Amino acid sequence: MTAISASAVPAAASPDPDGAVLHRPVIDWFDAHARDLPWRRPEAGAWGVMVSEFMLQQTPVNRVLPVYEQWLARWPRPADLAAEPPGEAVRAWGRLGYPRRALRLHGAAAAIRERHGGDVPREHAQLLALPGVGEYTAAAVASFAYGQRHPVLDTNVRRVFARAVGGAQYPPNATTAAERKLARTLLPGDEPTAARWAAATMELGALVCTARTPDCARCPIAALCAWRQAGSPEHDGPPRRGQTYAGTDRQVRGKLLAVLQGTVTPVPQATLDQVWDEPVQRARALDGLVSDGLVEPLSGGLYRLPLT
């Protein structure tokens, strides 16, 4: 592999490393330290990988594991999920948060049944054409399920690349064209190694090169890390976005949705009114759930999870 071009790395970075120098130590580390997660097992198949990728967006592994196991036991194939009303996907989503992901996964399952005979497609373009599937998810499924060569850029990978190659403590708040270019440059040339590299860099960011307390003593590429070579400088870019929950509309939406998830019969407005004292915020949150297709209003002031 050719060395990384200077245009792909911020000016503050140390001399460009050859991507191949990083591949072997990171992949060897992954082979020794990767977690045994159900979606990494051969029996998970492409559908298991896809379900995990939807669930793991903005949600930690320990919260995903029990829901994932229940989901695959109930809906082992896309057609099984597609045969159920979308509200059942929302119900089974539980408290994972960001429940629109459940609707998107249901929509993807329906499209897989209709367009691909019930099998998760192998081609990246076909994956990308599924409803609710973006660039990251398409690349992740193609790579992790089918062993293909695609750059897979989640938050963990972006942080590893920002530090090891860019010399910065954190990546930008949103993925940039320069990051995508760098990820393509770093990608090993053959498919099996590229797929392993994608998984390994993600795991390295999750377990070692963490956001708040990176464990550089355990890092297999610490000696090559541009951020370490620069003295581990503090972040000097735009403030990093923090996530708040208490008192937000997200919290109210979660409380309202939990009531509907807990029953198969329509719920009267009066019951929903009991979950939050502030009426304006409560009404706004409920309207948002209806607008997002997560809640279906019925006549007589009743609400339920969507059937269509």
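Please read these numbers as outputs of a predicted model, since none were measured by experiment.

Participant: Please clarify how the packing of aromatic side chains should be interpreted in this entry.
Facilitator: What describes a pair of aromatic rings is the distance from one ring centre to the other and the angle between the planes of the rings. Summed over the entire model, instances satisfying the criterion amount to four aromatic pairs. Both rings, one in tryptophan 39 and one in tyrosine 68, keep their centres 5.0 Å apart while their planes meet at 80°; by these two values the pair is edge-to-face. Pair noted here: tryptophan 39 is in the loop between α1 (19-33) and α2 (45-56) and tyrosine 68 is in helix α3 (residues 61-74), with a separation of 29 residues, a long-range link. Of the residues examined, tryptophan 39 reaches a relative accessible area of 9% and is grouped as buried. Here tyrosine 68 falls in the buried class, since its relative accessible area comes to 3%.

Participant: I would appreciate a short explanation of the sheet that holds strand β1 (residues 267-268) in the present structure.
Facilitator: Note: strands within a sheet are paired through backbone hydrogen bonds, in either parallel or antiparallel orientation. On the basis of which strands lie adjacent, the open sheet formed by three strands has the order β1-β3-β2 and antiparallel pairing. The sheet is open, and its two borders are formed by β1 and β2 (296-298), each paired with just one other strand. Examined bridge by bridge, β1 and strand β3 (residues 302-304) share two bridges and lie antiparallel to one another. Residue pairing in the sheet places proline 268 in a bridge with leucine 302 of β3.

Participant: For this particular structure, what's the right way to read unusual backbone geometry?
Facilitator: Keep in mind that most residues, glycine aside, have a negative phi and that most peptide bonds are trans. Unusually for a residue other than glycine, glutamine 58 sits at a positive phi of about 65°. Note that glutamine 58 resides in the loop between α2 and α3. For glutamine 58, a relative accessible area of 53% translates into the label exposed. With a phi close to 45°, tyrosine 98 is a non-glycine residue in the positive phi region.

Participant: For this particular structure, what's the right way to read the state of the cysteines?
Facilitator: One way to say it: the disulfide is the covalent bond shared by the sulfur atoms of two cysteines. As enumerated under the stated definition, the model contains zero disulfides in all. The closest cysteine sulfur to the non-disulfide-bonded cysteine 209 is located on cysteine 219, 6.2 Å from its own sulfur. With no disulfide of its own, cysteine 216 has cysteine 225 as its nearest cysteine by sulfur position, at a separation of 6.5 Å.

Participant: What is the right way to look at a positive patch on the surface in this model?
Facilitator: The grouping of Arg63, Arg95, Arg250 and Lys255 at the surface amounts to a positive patch. Topologically, arginine 63 is positioned in helix α3. Given a relative accessible area of 37%, arginine 63 falls into the partly exposed group.

Participant: Sorry if this is basic, but what is going on with helix α6 (residues 100-116) here?
Facilitator: For an α-helix, the turn length of 3.6 residues means that residues three or four places apart are oriented alike. Taking 1.5 Å per residue, 17 residues should reach 24 Å; α6 reaches 23 Å between its end C-alpha atoms and fits that length. Turning to α6, its buried residues are Arg101, Ala102, Leu103, Leu105, His106, Ala108, Ala109, Ala110, Ala111 and Ile112. Those residues of α6 hidden inside the fold are in contact with α2, α3, α4 (78-82) and α5 (86-93). Just beyond α6, the residue with positive phi is glycine 117, at close to 65°.

Cut-offs and rules
Residues numbered from 1 in each chain as written. Predicted model: local features only at pLDDT ≥ 70, side-chain atom pairs only at ≥ 80, totals over all residues. Heavy atoms only, no water. Phe/Tyr/Trp six-rings, centres within 6.5 Å; stacked < 30°, edge-to-face > 60°. Helix = DSSP H or I, 4+ residues; strand = E, 2+ residues; numbered from the N terminus. Buried < 20%, exposed > 50% of the residue type's maximum accessible area, 1.4 Å probe, protein only. Pairing = 2+ DSSP bridges. Disulfide = S-S within 2.5 Å. Patch = residues over 30% accessible without salt bridge, like charges linked within 9 Å, V, L, I, M, F, W, Y side chains within 5 Å. Areas by Shrake-Rupley, 256 points an atom, 1.4 Å probe, with all protein chains shown as cover. Salt bridge = Lys/Arg side-chain N within 4 Å of Asp/Glu carboxyl O. Lys, Arg positive; Asp, Glu negative; His and termini not counted. Charge placed at Lys NZ, Arg CZ, Asp CG, Glu CD. Expected span 1.5 Å × (residues − 1). Contact = heavy atoms within 4.5 Å.

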